[in-house]
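Letter by letter, the chains look like this.
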Amino acid sequence: MIVVTGATGGLGGTTVEHLLKRVPADQIAVSVRDTAKARHLADRGVLVRQGSYEDPAALRDSFAGADQVLLVSGNDPAADIVGLHRNAIEAAVAAGARRILYTSQHGAVPGNPYAPSDFHIATEAILADSGIAWTALRNAAYGPLGQVLGPWQRTGEIAQPQDGPVPYTDRADIAEATAVILAGTRSYDGPVDLTAPTAVTFDDFAEIASDLTGRTIKRTVVDDDQWVADQLANGWPEQLARLMFTWYQAARAGYFAEASPLLTELLGRAPRTVADRLAADLDT
């Protein structure tokens, strides 16, 4: 039995879709806050159970019979994320799970200025002390490129703070690789990196975008304080703006620069490149 949390979200939901191609539906269960949102999975034979990280008792019940549990990390900056993850890990241990897989973050190492690194590091430490096998899937940045680059198609300019090389990765590729690990027989112990094979910078993006569009896309480095002020002017809460700024600090310091071949190995093919993704964005 494989139990997946966060199965009504983007990463968890896509992982379940790939699992359904690899294992029988009755060997997959999902633990979700709102079971009505997972009705489409129940209709296909997936076991749908109610559970949330805030309710340890319900969570233990939702993990019943689990051989493996995929814990999709929380992302609410106002929540006690480490405490919630501890609840989930303890529930999986109490349910008798053989292995926990946790969606961690690329570059989750001490000293990384990107604020979420701290709760991923803390969660990995809890996993290490849990007494059962665990895998931390240190996923590279997989958000939509439009969020990363800004409105470059309209402005002809990528105007962001100073950055550094990052192996930007497609979320669907990470979900598929996660399903391969869950459904496979090979064990991956401790932290493993799931990244695109090549790290790129905003300068690289500008060159790729120029080639794709046939027009010159400029790369403009925005002053740090000005970038934060711009986000506040656009209605961002200050806490969020400053949190996101730490991502640029981490990138320019090289915390996300290292790429791994593991994603390619798991997929058995080349992952989607940033050029593939930009071309798809242009098509839409």
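What you are looking at is a predicted structure, and each value in this text was computed from that prediction instead of being measured.

Details of the sheet that holds strand β3 (residues 47-50)
Part 1 of the argument: Taking strand neighbours across the sheet as the criterion, the seven strands line up as β3-β2-β1-β4-β5-β6-β8 in an open arrangement whose pairing is parallel. Of all the strands in the sheet, just β3 and β8 (190-194) have a single pairing partner and so form its edges. When the angles between neighbouring strand axes are averaged without regard to direction, this sheet yields 20°.
Part 2 of the argument: Looking at chain direction, strand β5 (residues 99-105) and strand β6 (residues 133-139) are connected through seven bridges and run parallel. Directly across from S104, in β6, lies its bridge partner R138.

So, the packing of aromatic side chains
How two aromatic rings sit relative to each other is given by the distance of their centres and the angle of their planes.
Part 1 of the argument: Per the counting criterion, the structure on display carries 10 aromatic pairs.
Part 2 of the argument: Taking 5.7 Å as the distance between ring centres and 25° as the angle between the ring planes, the aromatic pair formed by W247 and F256 counts as stacked.
Part 3 of the argument: Put simply, the rings of Y114, Y168, F202, F205, W227, W236, F245, W247, Y248 and F256 pair up and form one aromatic cluster.

What to know about the side chain of H18
Part 1 of the argument: For H18, the location among the structural elements is in helix α1 (residues 10-19).
Part 2 of the argument: In this structure H18 touches A172, A175, E176 and A179, once residues within four positions along its chain are discounted.

Some remarks on the environment of L11
Part 1 of the argument: Assignment of secondary structure puts L11 in helix α1.
Part 2 of the argument: Each C-alpha atom of the pair L11 and W134 lies 19 Å from the other, and the pair is 123 residues apart in sequence.
Part 3 of the argument: Not counting residues up to four positions away in its chain, the partners in contact with L11 are T103, N139, Y142, R171, I174 and A175.

Quick look at the packing of α1 against helix α8 (residues 171-183)
Part 1 of the argument: Remark: α1 packs on α8, axes separated minimally by 8 Å, with the N-to-C direction vectors making an angle of 50°. Taken together, the axes of α1 and α8 are oblique relative to one another. The two elements α1 and α8 cross, and the hand of that crossing is right-handed. Residues G10, L11, T14, T15, H18 and L19 of α1 pack against R171, A172, I174, A175, E176, T178, A179, L182 and A183 of α8.

Considering the nonpolar core
Part 1 of the argument: Residues V4 and V30 are the most contacted members of the largest nonpolar core, which totals 31 residues.
Part 2 of the argument: For this core, the secondary-structure elements that each account for two or more residues are β1 (2-5), α1, β2 (28-32), α8, β8 and α12 (262-267).
Part 3 of the argument: The element contributing the most residues to this core is α8, with six residues.
Part 4 of the argument: In this structure V4 touches G12, V16, L19, A29, V30, S31 and L70, once residues within four positions along its chain are discounted.
Part 5 of the argument: By size, the runner-up hydrophobic cluster in this structure holds 26 residues, among which are V148, Y168, V222 and V228.

Brief notes about the environment of A64
Part 1 of the argument: With respect to the secondary-structure elements, A64 resides in the loop between α3 (56-62) and β4 (68-71).
Part 2 of the argument: Overall, A64 belongs to the partly exposed group, its relative accessible area being 35%.
Part 3 of the argument: Distance from A64 to V3, taken between C-alpha atoms, is 8.9 Å for residues 61 residues apart in sequence.
Part 4 of the argument: Not counting the four nearest positions on each side in its chain, A64 is found in contact with R49 and A95.

Some words on the pairing of β1
Part 1 of the argument: On β1, burial covers both faces: I2 and V4 on one face and V3 and T5 on the other are all buried.
Part 2 of the argument: Looking at chain direction, β1 and β2 are connected through four bridges and run parallel. Bridging from a neighbouring strand, V4 pairs with V30 of β2.
Part 3 of the argument: Between β1 and its parallel partner β2, the chain crosses via α1, and the hand of that crossover is right-handed.
Part 4 of the argument: Two elements, β1 and β4, share three bridges in a ladder whose sense is parallel.

Conventions we followed
- Residues numbered from 1 in each chain as written.
- Predicted model: local features only at pLDDT ≥ 70, side-chain atom pairs only at ≥ 80, totals over all residues.
- Heavy atoms only, no water.
- Pairing = 2+ DSSP bridges.
- Helix = DSSP H or I, 4+ residues; strand = E, 2+ residues; numbered from the N terminus.
- Axes fitted to C-alpha atoms, helices over the stretch in contact; angles between N-to-C directions.
- Phe/Tyr/Trp six-rings, centres within 6.5 Å; stacked < 30°, edge-to-face > 60°.
- Contact = heavy atoms within 4.5 Å.
- Parallel < 35°, antiparallel > 145°, perpendicular 65-115°, else oblique.
- Left-handed = near helix turned anticlockwise from the far one by under 90°.
- Core = buried A, V, L, I, M, F, W, Y, C linked by side-chain atoms within 4.5 Å.
- Buried < 20%, exposed > 50% of the residue type's maximum accessible area, 1.4 Å probe, protein only.
- Right-handed = clockwise from strand over helix to strand, strands pointing away.

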